[in-house]
Amino acid sequence: MSLNHTQIWQKCLIDIKKNVDERNFNTWFKPIRSVKLSDKTLTIQVPNKFFYEWLEEKYIDLLGKALFQQLGSGAGLQYQIVVQDHKDIEGNYQKTIEKKLKSNPYLKLFEEEFNNDLNLNYTFESFVEGPSNQLARNAAISISKNPGKSSFNPLIIHGGVGLGKTHMINALGNEIIKANPKARIIYTNTERFTNQIIQALRDNNIFDFINSFQLVDIFIIDDIQFLEGRTKTQEIFFNIFNYLHQRDKQVVITSDVSPKDLKGIQERLISRFKWGLVTELQKPNLETRIKILESKAQRDQLKLTPDVLNFIGYNVKGSIRDLEGVLVSLSAHSTLNNRVIDMKLTNEVVDTFSHNLDKELSIGNIQKIISDFFGIPIEHIIGKTRKRNIVIARQLGMYFAKTMTDLSLKQIGKQFGNRDHTTVLHSIKTINDLLDSDVLFKDTFNKLEHKLEHSLIKSYF
Ligand code: ADP
Ligand code: MG
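The rules behind the values
The residue numbers shown here count from 1 along each chain, following its written sequence. The lettering of chains begins at A and the numbering of ligands begins at 1, in the order of writing. For a predicted model such as this one, the threshold for reporting local features is a pLDDT of at least 70, and the threshold for listing and counting side-chain atom pairs is 80 or more; totals across whole chains, interfaces and linings nevertheless cover every residue. Values shown for side chains rest on all heavy atoms present in the structure; no hydrogens or waters enter the calculation. Burial status follows relative accessibility: with a 1.4 Å probe on protein chains alone, a residue under 20% of its type maximum counts as buried, one over 50% as exposed, and anything between as partly exposed. In DSSP terms, a helix is any run of H or I states spanning at least four residues, a strand is any run of E spanning at least two, and both are numbered starting from the N terminus. Strands are treated as partners if at least two bridges between them are detected by DSSP. Think of it like this: strands point away, you trace from the first strand over the helix to the second, and a clockwise trace means the crossover is right-handed. By convention in these notes, a salt bridge is any Lys or Arg side-chain nitrogen within 4 Å of a carboxyl oxygen on Asp or Glu. Working definition: residue near molecule or strand if any one of its non-hydrogen atoms lies within 4 Å of it. The term polar contact refers here to a pair of N or O atoms within 3.5 Å; inside protein, the definition further demands a hydrogen-donor-capable atom paired with an acceptor-capable atom, and it admits residues adjacent in sequence only when both atoms are side-chain atoms. Under this grouping Gly is polar, as are all residues other than the nonpolar Ala, Val, Leu, Ile, Met, Phe, Trp, Tyr, Cys and Pro and the charged Asp, Glu, Lys and Arg. In this entry, domain limits derive from an automatic or database-based domain assignment. All axes are obtained by fitting lines to C-alpha atoms, using only the stretch in contact for helices, and the reported angles, taken between N-to-C directions, cover 0 to 180 degrees. Should an angle fall under 35 degrees it is taken as roughly parallel, and over 145 as roughly antiparallel, whereas 65 to 115 is taken as roughly perpendicular and any remaining angle as oblique. Throughout, a contact is declared for two residues whenever any of their heavy atoms are within 4.5 Å. Note on aromatic pairs: the rings of Phe, Tyr and Trp (six-membered ring only in Trp) are paired at centre separations within 6.5 Å, and the planes decide the class, stacked below 30 degrees, edge-to-face beyond 60, tilted for the rest. Sitting over a ring, as applied to charges here, requires NZ of Lys or CZ of Arg to be within 6 Å of the ring centre and within 35 degrees of the ring normal.

Visitor: Just checking my understanding: could you explain the pairing of strand β7 (residues 218-222) for this structure?
Guide: Side-chain positions along a regular strand alternate between the two faces of the sheet. Most of β7 sits inside the fold, with five of its five residues counted as buried. Relative to β7, strand β6 (residues 185-189) is paired through five bridges, and the arrangement is parallel. When the bridges of β7 are listed, Ile 185 appears paired with Ile 218. Where β7 lies against strand β8 (residues 250-255), four bridges are found, and the strand directions are parallel. The residue bridging Ile 218 from the neighbouring strand is Gln 250, located in β8. Chirality of the crossover, the property in question, places the unit of β7, helix α9 (residues 231-246) and β8 among those that are right-handed.

Visitor: What should I look at first to understand the pattern of salt bridges in this one?
Guide: Close approach of charged atoms lets side chains of opposite charge pair. Inspection of the entire model under this criterion finds 21 salt bridges. One salt bridge connects Glu 348 with Arg 339, and the closest N-O pair in it is separated by 3.2 Å. According to the relative accessible area criterion, Glu 348 is partly exposed, its value standing at 33%. We classify Arg 339 as partly exposed; its relative accessible area is 28%. We note a salt bridge from Asp 443 to Lys 447, for which the minimum N-O separation is 2.9 Å. Taken together, the residues Asp 443 and Lys 447, both in helix α20 (residues 439-458) and four residues apart, mark about one turn of the helix. Taking the relative accessible area as the measure of exposure, Asp 443 reaches 39% and is therefore partly exposed.

Visitor: Whenever I open this one, unusual backbone geometry confuses me. Can you help?
Guide: Most peptide bonds take the trans configuration, and most residues that are not glycine carry a negative phi. Across the junction of Asn 153 and Pro 154, the peptide omega takes the value 0°, indicating a cis bond. Mapped onto the elements of the fold, Pro 154 is located in the loop between α5 (134-145) and β5 (155-158). With phi around 65°, Lys 40 is a residue other than glycine that occupies positive phi space. Looking at the element boundaries, Lys 40 is found in the loop between β1 (33-38) and β2 (41-46). According to the relative accessible area criterion, Lys 40 is partly exposed, its value standing at 37%. At Asn 338, a residue that is not glycine, the phi angle is positive and equals roughly 55°. Take Asn 338: it is sitting in the loop between α13 (320-336) and α14 (343-360).

Visitor: What's the story with the site of ligand 1 in this structure? I'm lost.
Guide: Ligand 1 sits among 17 residues. The nearest are Val 128, Gly 162, Thr 166, His 167 and Glu 324. Take Gly 162: an N or O atom from its main chain is 2.7 Å from an oxygen atom of ligand 1. The contact in question runs from an oxygen atom of ligand 1 to an N or O atom on the side chain of Glu 324, over 2.7 Å. Here the shell around ligand 1 is composed, by residue class, of six nonpolar, seven polar and four charged. A domain-level breakdown of the shell around ligand 1 finds at least three residues from each of domain 2 (111-280) and domain 3 (286-360).

Visitor: I keep staring at the sheet that holds β7 and nothing clicks. Help me out?
Guide: In a beta sheet, neighbouring strands are held together by backbone hydrogen bonds and run either parallel or antiparallel to one another. Strands sit in the order β6-β7-β8-β5-β9 across an open sheet of five strands; the sheet is parallel. One side of each edge strand has no neighbouring strand; the edge strands of this open sheet are β6 and β9 (277-280). Taking the axes of each pair of neighbouring strands and ignoring which way they run, one obtains an average angle of 15° across the sheet.

Visitor: What is the right way to look at the packing of helix α17 (residues 388-404) against helix α19 (residues 421-437) in this model?
Guide: Angle between the axes and distance between the axes: these two values describe a pair of packed helices. Running from amino to carboxyl end, α17 crosses α19 at an angle of 105°, the nearest separation of the two axes being 8 Å. With respect to α19, the element α17 is oriented roughly perpendicular. Across from Arg 388, Ile 392, Gln 395, Leu 396, Met 398, Tyr 399 and Lys 402 in α17, the residues of α19 making contact are Thr 423, Val 424, His 426, Ser 427, Ile 428, Thr 430, Ile 431, Asn 432, Leu 434 and Leu 435.

Visitor: For this particular structure, what's the right way to read the packing of aromatic side chains?
Guide: Two aromatic rings, taken as a pair, are described by how far apart their centres are and by the angle between their planes. Throughout the structure, instances matching the rule amount to 22 aromatic pairs. Seen from their ring centres, Phe 193 and Phe 213 are 6.5 Å apart, and the 85° between their planes marks the pair as edge-to-face. Residue Phe 193 is found in helix α7 (residues 190-202), and its partner Phe 213 is found in the loop between α8 (206-211) and β7; the two are separated by 20 residues along the sequence. Residue classification places Phe 193 among the buried positions, given a relative accessible area of 0%. A ring pair is formed by Phe 213 and Phe 219, whose centres lie 5.1 Å apart and whose planes are at 75°; its orientation type is edge-to-face. Put simply, the rings of Phe 193, Phe 209, Phe 213, Phe 219, Phe 237, Phe 241, Phe 273 and Trp 275 touch in pairs and so form one group of aromatic residues. If you follow Lys 58 out to its NZ or CZ, it ends over the ring of Trp 54, 5.0 Å from the centre. Directly above the aromatic system of Phe 238 lies the positively charged group of Arg 268, at a separation of 3.9 Å from the ring centroid.

No statement about biological role is implied by the geometric values presented.
What follows is the structure, given as structure tokens:
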């Protein structure tokens, strides 16, 4: 059943009342009368022109948000101003200002994207519990019951690659939706968030972008370490973060290093993170590894004997991603090559797998792939040439060495022609700047990144 204009306006008022103090509410909202509703545009009557101007200046966002919540995207607002001593032709003491609510492009975008990007397969049920993840898991579950209201705000989950951060935050989001399908969750990752900001800045829409977060109840953002060196994105994130936090909206963040080790991120942002709960996902112990293997094997309908499970559990000690890699590989061998999954096959797979793990993490490998990709000899990449294309290839090498291996800046510099760690840092910053400013470069970057990642996947088999 659709509501009439009076009912819509009453609902708006309830919303507005939560956001202004009583005195302002009585002064600026009580005197408003709703007049009509047509085509999602609500007409309200205000006592005079000054009143209208004041609303436009001080409260337009609030009005817009309230209307949006009732009417959805395309909501409009029109004012009717009472004119004191002048009758118009129809004898009304009114003048209508055709002042349409400026439409915020992000409101529509957000409306469509709420809850959309959550991965439904990532739930708490499919997340195997163990000492390595217990604290984070309990915190996430507790937040899902009461988002924004606990002292775990923000919740920061950090831990190495493949230890379950993305899984956990999706499970958190999905759990909230289960209890409250109307909750408005924005789930995103730092790459995507940055791209949206770049686009908004380019389109002169950044304030609309920030304002649209008024609608958000829960903001979940993955892989915050990629904010490194992105000053503008950080600044905007900081604004949004403060806005949400002040209103008890839940913020959930992941990072592959602990907040105190985040590099190239403003101190004021990092100190905000400490307001909530910082919790770590660690590498799973043997028992948990085996439980995870069992659960994944069951999900994939893969029959594994206890010997096989134990063998993998004992030998693959890295991340859960690694455990999955072995299972994928085993399943490929058994279905594609028609082999029984016995100890012999498992042994081979685990062996090549660990071997490849060592290989793929080397800087030499990254340098080789970059060299092939650009057709530049490795000697030049690590050499002294200042030719622009070679410098870029070199900087990309250092960038990927940092993001794809566990080596320190110092170790990376050393392997790139004995450069020092500040050169490596500078390279990372340059690459990030280019990514922010140059679409063509970004395209090349993506292709190269794909190549590097693909080389990892290939070596699983
Ligand atoms: P991260 O984001 O930390 O790099 P992911 O969340 O992508 O890691 O996890 C990697 C893979 O391991 C995913 O497929 C995920 O489902 C799985 N995984 C991680 N932790 C667990 C767990 N405790 N139980 C079951 N599966 C897990
Ligand atoms: Mg992840």
